[in-house]
Amino acid sequence: MKKTNHLKKFTGLITLILLFLVSMNASAQQISVSGNIKDSKGEGLPGVTVIEKGTVNGTVTNIDGNYSLSVDGKSTLVFSFIGMTTKEVLVNGQSSINVVMTEENIGLEQIVVTGYQTQKKADLTGAVGVVEVDQIKELPTGNAVKALQGRVAGVYVTTDGNPGDYATVRIRGGSTMGSGSNNPLYIIDGMPTTGGIEQLNPNDIETMQVLKDASAASIYGSRANNGVILITTRKGKEGVSKIEFNAYATIQNYSTKLDVLNTYERGLVNWQASINDGLTPTSSIYKYDWHTDSNGNAVLDRILLPEYIDPSHTMHPADTKWFDEVSQQSLIQSYNLTFSNGNDKGSSLISLNYYNHDGIIKETNSNKITARINSDYKFLDGKLKVGENLLISKVDNTDIPIGDVMYLALVQQPVVPVYSIDGGWGGPAPGMTDRHNPVRLIEQNKQNHSKTARVFGNMFADLEIIKGLNFRTNYGIDYTENYYRKMDYSYASGFLISDINRTTTSQWHNLSWTWTNTLNYKMETGLHNIDVVAGTEAIKAEYETFYGSREGYVIEDPDYMFLDAGTEKILNGGGGAGNSLFSLFAKANYVYNQKYLASLTVRRDGSSRFGKDNLYGTFPAFSLGWRLSEEGFLKESLPAISNLKIRAGWGITGNQEISNDAIYSIYRTDYGVDPTWVFDTGTAYDITGSDSGSLPSGYRKIREGNSILKWEEAKQTNLGIDFGFLDQTFYGSFDYFMKETSDILIEPPYLAVKGEGGNQWVNGATLENKGWEFVLGYNKTLNNGLGIDLTANISSYKRKVTYLPDEVLTGYPGDPANGKSVLGQSDIVHFGYIADGIFQNQAEVDNYPQQTGKDIGRIKYKDIGGLDENGKYINKPDGVVNDLDRTWIGDPNPDFIYGLNAVFSYKNFDLNLFFQGIQGVDVYNEHKHLTDFTSIWQGTNFGTRTLDAWTPTNTGSTVPMLTLTDTNNENRYSSYFIENGSYLKLRNLQIGYNVPDKLIKSLKLSSARIYVQGQNVLTFKDSKGNNQFTGVDPESPGFAYPNPTSYSIGVNLTF
Amino acid sequence: MIATGFLVSCSDSFLEMAPKSTISSDQLLTPENAEGMAIAAYSELGNDHYTAPNSLWPYADNTSGDAYKGGGGTGDIWEFNFMELFAFNTTDNPLIDQKWYRLYVGIGRANEALKVINELTANEFPNKTERQAEMRFLRAHHYFILKTMFKYIPWIDETVSGEAFKEISNKEFTDQELWDKIADEFQFAAENLPEMQAEKGRVNKYAAIAYLAKTRLYQAYEQNEQNAVTSINSSKLEQVVSLVNQVIASGKYSLFPDFGYNFLQPHDDGSTESVFAVQRSIDDGTPKGRLDWGNMLNYPMNPEYGCCWFHIPTQNLVNSFKTDENGLPQFNTFNNSDVKEGADFQNNTFDVRLDHTVAIPGHPWKYDPNFIYQKDWARAIQIYGHFSSLKESQHYECACFQKVPPFIASSKNTDIIRYADVLLWKAEALIELGRQNEALPIINEVRQRAANSSGMLKFNDGNPVSNYKMEIYKPGENCTWDQDFARQALRWERRLELAMEGIRFFDLVRWGIASDYINNYFAKESTKREYLKDGKFTKGKHEFFPIPQNQVDFSKGLYKQNNGW
């Protein structure tokens, strides 16, 4: 089938309105003309407007691209379709006129949703990134936002291979800091939400726009600081009745396994480390036969393993490859069925999606079923439109503790078997680290499912009061219910034993509603084009949660382990939260003579999170544009320029992402917390000395209220230029922005003497982001039929903190007491020692500044500063390496991010290549503590890098000499662990084939397409020099879910 | 449209959202809630965590040559490793800051309770004065620990309101004035608390008197700005003697017949030796029980436990239990040879308290002859040797015992003041007053009880676990009891009696001997434990922990850093 163009669908609506205006005004001397309209791929094009030029007489093509119209025999027919070049054909008495429409490369006529309004792309004055939904719809992902990675300039998406398909999105580097959220606001069919986009069926998305700057986003003032992503979902189209079926299957592979030691090598490095330390090599597992040669060098003859590795003789030594044991080749399947129907009384669309994603880590799985019903009905001659958009989704995620599993696959020793000889679990033996068998962790968590059901949708009514003036009311709800039954089983795994079993059943319930009322007025008179919207919006969100748990189950089975079957430790708990927002807003867009553009926005938001005096924040914005290409002088002198527009915008947006009760001083009873991993903050005490039973409990302060809290505000200026040459064959844009977020809501650390609950939200920081975005495209269909479509984008931002109260500087990286404050740096900058190579010989050690623990084979840390006689820090080596020598050692913010998409189409084939990369990002390689050192964590497994550690005969190594004890404190935060995280990945490689018409017809289809693709096929990273990335995947330097390499096959059919 | 207008008009009330499941300070002003606030203040005694334990082992045992940090290696809670080695420690060590913060949380809870209690009249709240006394006791307890760890500390009480806390320096009071402030609290508590409390968890008059004695004892050793002991105040010492006498005269306390009962949960209730303890509970409706979280890393690695082998007795400590042919400590020669395992414990003679304190390969664990401690229960033998700590751990079959995977805990109460400790304060005061002869019977009482405590230390065949030989001091017969000797004997006795109980480092600093003592320890012990070779104690600096850098910065420099840091 043809690649469904989202623009085409939108046209249906527009055409409908046009037709309505046209009304019945046909003249008398007529001939009937009919024909078929095809696109460049030879497929029938529905929804093309056919108008008799100079009249209001017209029609639209049906699903097969056919039309029929009664016209004056001497007239001219105008065929137009958004995104395609308009064609005019003289009728000249013909009764049959067939037309092939060609795509207008980047549609300046494209209609873009900008928030309570739509605008022509040519008229945009803000920084709006329009996602080419076509290019991402076949990507095998359960989250459309994931597919944005590298596609939109200025949007930085980080993601991993988790079947849950989570993604972190930062627009222009985010705008806030501390515990504030940098996540953008999502508006789906007019309903705001801050998360859970993975619960949306990617196939349902019709358009996706990223509002990046304040002038674009401030219409959503209150929560637009981090940018806004607008999503509209597909609707039925008039005159179209069809069934679409899309399916794909993806095979995923774990291609980035870390190289860790095998059983023999693990024994070897332990021996070597002992020899280096001058100790007799010993081990609770390995027996060493070794001797000293005539030169006095230790020589290892052989390593012996015991019959059993544990005192109770349940485990034989093994050579377990833990990364293999925890991973698998896995499959993603997606099936999507869409039914749509439309006529002049309304339209409807029903879509169903089944998505099952097994992860490359065993037992990880996400299973989603989503259903959508979008419909609208017209009354009063089309003046009243009533409709709804409704999403119902069910997501079932298997809850495997993935961070633990990835960590354990590295640290668990290879000599430990997966299973003991009696079929139980293998596990750590004496002398080993007390870490779990990761296979057990997977197997004993696979029964734990987190089930989420979500109803997300809205009902609307749109009434045309008089021509051009519309009132629209929209009521939407977002209701998420999550149910989670977690069963902890007892286990015996090496010396790790627990006889506790427990079921914890928990549920949370998240309900919010939004009620929006808008008045929209559009007027076009002469050269003036005015579009004004004003409205109110009320939002209320409530959250409640509770849990119950019991222990003591006689059978460990999911069918048995419901709460009722437990007999011990009967516990429960729960809580709630809520907030509300009320807003008034207005926006006016004005276009004069298609050349001069202006837009003005103001929004006033009230939030329950702020104190009485500061309930409201006002967020104004304006932007201006000048379409130079529409000026006569340019048109004549430089006809090659098809588009040239300069834009400037300024505006303020807000943020209110703080605790719901930040303004209140409050106390709470904390009967009991689980202090396994956090500090106990309980308020109950066994005052009677009875040792058990119910305890008396009191209250503790949990927050100091701040009644004068106010909105955090970001002021942003955006300057942009859009350009296109040769009828938009070349096109592009450049944007420069400056963004200053002030009064940032932070909950800073405070003087301890204030005691518990002294934490208080304040408006107390300023952050500055500056950057640019550059987009370039080329789109051409050559005479031989080869279509080329290239788009590239590159963007950059610099993020720095410019103000923080002095006393809280310590809470951020740096050493403010010695003049090294985070001000002027990014708030997430790396701060530590500079690792300056390895001591090669005793002379070097002796001549080096005083450094506790310095020795041959150890890391040198650079002496960069010290205190002068007045106790003031100066940047001059003082002969001592100490905490004064810490400095800025890397910025985790990338220098720039980029993407390149190339589509080649020829006849029925198309080829798509998509590259994405980031450059100049300093990552902290968490693995390195374990891959490079035998001294920081004893009893774990290590990386194969330890095999190439420095020795007096292997002096070129960058890995310090093996030792058993970290006497040089090499665990310290230093540049040794900071590596170049730059990468370039071939994210997507796809070949598609559109089945030719003839064949389709015989199959009773209207279109058919198959494709194959590969994802993450190639990765380029820095693998040379001191700064090289020594881990496997710079995109995932820690213990995150690994990114798979995957291969898909897919089919799209339309009936 | 009408609806829109309606929404605009009522938007202010629409924007009012009351906080959920919380209570405001106004609502707290009732007698019931005043009791609740007092409970919450007690609760903080048990709000423990391994990162800042209330048993104080990382600050007092780990820093004094009695214990190694232990665990998986030096990087496993590196913050404690830095404390152990001193040389690496810095003012921004996050776990020092955390301890400081937790102690002020304790003070804050007492202050919050006092604010509510003070608002109520004695008519409304008949327990008013008594609860005030309890709260001031608890507050002083946290201040005492702060004082011994940090020397100069800001003093915050319930009268400090609003932003006034920002103006209070850690140098508002002198070293001696701070001791007096703490003493005043205990004095008030002593005057207003009943002799007996029906509820065992509440502090009583004699606990307050005892703590006052402890305060005066520390105060008596007057220090200069360089932390050197410049003089010993005899009137303070006399107060110590008289205060301890009151405790003794109360008749409420006595030494347990067996030393080991102090470390067994079943003897918690009805303890005659516990003067002040943190109450722990299990099966109490909280998620995991209110257990001794501060010790939850301190169990060995055998299947019955499995984590995490922290708080490991040093070779030096184990050697110090050796006795000579008279059954007295080997004051000068104890560390000339190491007792490690097997026959070492039969070929030498030992103080009985050894096997109550230290788990030794081949010796019964926690008095169970069928449950023998093995070398492979240890975790990082190459770094920290193969001993384990016994006092804070409980037998896995104890009803108080609970695994909190991956950790281990019990509901054994944690003693803060033990009667034996109280008796030894008096002995110490007497010796420094030159009345060592009066101290002799006290030390001997403690020793004699220890000598009598081998009943639970037997193998299945009835043989004693180690070769015990200990005697009381008999002047003229096995020693010459002059002041120097008595001082040496007292200090030795305190080490063996209170080893691994979170006290030792503060004793060394009080006596003014920390620097020499700890550097001597490093010199010898680093030949056995390589990681100690960079350990170095700087005189005039390391006697106290640094004022946490965070706090200095948050105070905008109002807090002055301790000497040497």
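Residues numbered from 1 in each chain as written. Chains lettered and ligands numbered in written order. Predicted model: local features only at pLDDT ≥ 70, side-chain atom pairs only at ≥ 80, totals over all residues. Heavy atoms only, no water.

Draft legend 1. Spotlight on the interface of chain B and chain A. At the interface, 108 residues of chain B touch 111 residues of chain A. Interface area, chain B with chain A, both sides summed: about 9,200 Å², of which 60% is carbon and sulfur. By the criterion of area lost to chain A, the three top residues of chain B are Leu 15, Met 17 and Phe 554 of chain B, representing 8% of everything that side buries. Along the contact surface separating chain B from chain A lie seven salt bridges. Asp 434 of chain A is paired through a salt bridge with Arg 379 of chain B; the nearest N and O atoms lie 2.7 Å apart. Inspection of the region where chain B meets chain A yields 30 residue pairs in polar contact (both at pLDDT 80 or more). With nine residues, helix H3 (residues 31–46) of chain B is the largest single contributor of residues to the side of chain B that touches chain A. The residue inventory of the side of chain B that touches chain A, partitioned by class, reads 48 nonpolar, 33 polar and 27 charged. (Contact = heavy atoms within 4.5 Å. Buried area = accessible area lost by both parts, 1.4 Å probe. Salt bridge = Lys/Arg side-chain N within 4 Å of Asp/Glu carboxyl O. Polar contact = N/O pair within 3.5 Å; in protein donor to acceptor, adjacent residues only side chain to side chain. Helix = DSSP H or I, 4+ residues; strand = E, 2+ residues; numbered from the N terminus. Nonpolar A, V, L, I, M, F, W, Y, C, P; charged D, E, K, R; others polar.)

Draft legend 2. How the structure looks around the pairing of strand S15 (residues 205–211) of chain A. All names here are of chain A. Judged by how many residues are buried, S15 sits mostly within the fold: seven of seven residues are covered. Of the strand pairs in this sheet, strand S10 (residues 128–130) and S15 are connected by three bridges, and their pairing is antiparallel. Within S15, the residue paired with Gly 129 across the bridge is Val 210. Relative to strand S16 (residues 228–233), S15 is paired through six bridges, and the arrangement is antiparallel. For Val 210, the partnering residue across the bridge sits in S16 and is Ile 229. (Buried < 20%, exposed > 50% of the residue type's maximum accessible area, 1.4 Å probe, protein only. Pairing = 2+ DSSP bridges.)

Draft legend 3. Fine view of the side chain of Thr 256 of chain A. All names here are of chain A. Along the chain, Thr 256 turns up in the loop between strand S17 (241–253) and helix H4 (263–276). By relative accessible area, Thr 256 is classed as buried at 15%. Those residues within four positions of Thr 256 in sequence are excluded, and the remaining contacts are Val 1032, Asp 1033, Pro 1042 and Asn 1043.

Draft legend 4. Focus on the confidence of the model for chain A. When pLDDT is averaged across chain A, the result is 88; 96% of the residues are at 70 or more. The least confident element of chain A, judged by mean pLDDT, is helix H1 (residues 6–22) of chain A at 41; the most confident is helix H7 (residues 438–443) of chain A at 97. (pLDDT = per-residue confidence, 0-100.)

Draft legend 5. Spatial organisation of H4 of chain A. The end-to-end C-alpha distance of H4 of chain A, which contains 14 residues, comes to 20 Å, matching closely the 20 Å that a straight helix rising 1.5 Å per residue would cover. Among all positions in H4 of chain A, only Thr 263, Arg 266, Gly 267, Val 269, Asn 270, Trp 271, Ala 273 and Ser 274 of chain A are buried. Check the buried side of H4 of chain A and you find it contacts strand S18 (287–292) and strand S19 (298–304) of chain A together with helix H14 (381–384) of chain B. Put simply, Asn 262 of chain A is the residue that caps the front of H4 of chain A, since its side-chain oxygen is 3.1 Å from the backbone nitrogen of Tyr 264 of chain A. Positioned one or two residues after H4 of chain A, Gly 278 of chain A has a phi angle of 75°, which is positive. (Expected span 1.5 Å × (residues − 1).)

Draft legend 6. Region of the structure containing helix H7 (residues 128–150) of chain B. Residue and element names in this part refer to chain B. The terminal C-alpha atoms of H7, which comprises 23 residues, lie 32 Å apart, in line with the 33 Å expected from a rise of 1.5 Å per residue. Most of H7 sits inside the fold, with 20 of its 23 residues counted as buried. Remark: Lys 151 follows H7 within two positions and exhibits a positive phi of approximately 65°.

Draft legend 7. Spotlight on the state of the cysteines. Residues and elements named next belong to chain B. Here the structure, examined in full by the defined rule, presents two disulfides over all chains. Residue pairing for Cys 307: its cysteine sulfur links by disulfide to Cys 308, the two sulfurs lying 1.6 Å apart. Its S-S torsion of about 75° marks the bond between Cys 307 and Cys 308 as right-handed, since a negative value means left-handed. Considered together, Cys 307 and Cys 308 belong to a single accessibility category, that of buried residues. Residue pairing for Cys 398: its cysteine sulfur links by disulfide to Cys 400, the two sulfurs lying 2.2 Å apart. A torsion of 125° about the S-S bond marks the disulfide between Cys 398 and Cys 400 as right-handed. Here Cys 398 matches Cys 400 in class, with each residue buried. Should the bonded cysteines of chain B be numbered as they appear in the sequence, the pairing reads 1-2, 3-4. (Disulfide = S-S within 2.5 Å.)

Draft legend 8. Molecular detail of the packing of aromatic side chains. Following the criterion strictly, the structure yields 88 aromatic pairs over all chains and no others. Consider the rings of Trp 508 of chain A and Tyr 543 of chain A, whose centres lie 6.1 Å apart with planes at 35°: the pair is tilted. Taken together, the residues span a long stretch of sequence, with Trp 508 of chain A in strand S28 (residues 502–525) and Tyr 543 of chain A in strand S29 (residues 528–551) at a distance of 35 residues. With a relative accessible area of 28%, Trp 508 of chain A lands in the partly exposed category. Geometrically, the ring pair formed by Tyr 305 of chain B and Phe 371 of chain B is tilted, given 6.3 Å between the ring centres and 55° between the ring planes. Here Phe 371 of chain B lies in strand S10 (residues 368–372) and Tyr 305 of chain B lies in the loop between strand S4 (274–278) and strand S5 (310–313), a separation of 66 residues in the sequence. (Phe/Tyr/Trp six-rings, centres within 6.5 Å; stacked < 30°, edge-to-face > 60°.)

Draft legend 9. The arrangement of the sheet that holds strand S6 (residues 87–90) of chain A in detail. Residues and elements named next belong to chain A. The four strands lie next to each other as S3-S2-S5-S6, forming an open sheet whose pairing is antiparallel. Both outer strands of the open sheet, strand S3 (58–60) and S6, are each paired with one neighbouring strand and no more. When strand polarity is set aside, the average angle formed by the axes of neighbouring strands in this sheet is 20°. (Axes fitted to C-alpha atoms, helices over the stretch in contact; angles between N-to-C directions.)

Draft legend 10. The packing of helix H9 (residues 205–220) of chain B against helix H10 (residues 234–250) of chain B, seen in detail. Residue and element names in this part refer to chain B. As a packed pair, H9 and H10 sit with axes 8 Å apart at the nearest point and diverge in direction by 160°. The angle between H9 and H10 places the two elements in the roughly antiparallel class. In this structure, the crossing between H9 and H10 has a hand that is left-handed. Contacts between H9 and H10 involve Tyr 206, Ile 209, Ala 210, Leu 212, Ala 213, Arg 216, Leu 217, Gln 219 and Ala 220 from the former and Lys 236, Leu 237, Gln 239, Val 240, Leu 243, Val 244, Gln 246, Val 247 and Ser 250 from the latter. (Parallel < 35°, antiparallel > 145°, perpendicular 65-115°, else oblique. Left-handed = near helix turned anticlockwise from the far one by under 90°.)

Draft legend 11. Geometry of the packing of H3 of chain B against helix H6 (residues 94–119) of chain B. Residue and element names in this part refer to chain B. It is the contact of H3 with H6, at a shortest axis distance of 8 Å, that shows an interaxial angle of 165°. Taken together, the axes of H3 and H6 lie roughly antiparallel to each other. H6 is crossed by H3, and the crossing has left-handed handedness. The residues of H6 that touch H3, namely those facing Ala 34, Met 37, Ala 38, Ala 40, Ala 41, Ser 43 and Glu 44, are Arg 102, Val 105, Gly 106, Arg 109, Ala 110, Glu 112, Ala 113, Val 116 and Ile 117. In the contact of H3 with H6, the residues fall into 10 nonpolar, two polar and four charged.

Draft legend 12. Quick peek at a nonpolar patch on the surface. Residue and element names in this part refer to chain A. A grouping of Tyr 377, Phe 379, Leu 380, Leu 463, Ile 465, Ile 466, Tyr 521 and Val 532 is seen on the molecular surface, where their side chains present a nonpolar patch of about 700 Å² in accessible area. Elements that contribute at least two residues to the nonpolar patch include exactly strand S22 (365–379) and strand S24 (449–466). Residue contributions to the nonpolar patch peak at three residues, all from S24. Along the chain, Phe 379 turns up in strand S22. (Patch = residues over 30% accessible without salt bridge, like charges linked within 9 Å, V, L, I, M, F, W, Y side chains within 5 Å. Areas by Shrake-Rupley, 256 points an atom, 1.4 Å probe, with all protein chains shown as cover.)

Draft legend 13. Fine view of the sheet that holds S10 of chain A. Residue and element names in this part refer to chain A. On the basis of which strands lie adjacent, the open sheet formed by five strands has the order S10-S15-S16-S13-S14 and mixed pairing. Each of the sheet's edge strands pairs with one partner strand only, and the pair in question is S10 and strand S14 (191–193). The average undirected angle you get between the axes of adjacent strands in this sheet is 25°. Across four bridges, the pairing between strand S13 (residues 185–188) and S16 is parallel. Bridging from a neighbouring strand, Tyr 186 pairs with Ile 229 of S16.

Draft legend 14. The arrangement of the pairing of strand S3 (residues 229–232) of chain B in detail. Residue and element names in this part refer to chain B. Where strand S2 (residues 221–223) and S3 come together, three bridges link them in antiparallel fashion. From the neighbouring strand, Glu 222 faces S3, where its bridge partner is Ser 231. Where S2 folds back on S3, the antiparallel hairpin that results is connected by five residues, among which Asn 227 adopts a positive phi of roughly 70°.

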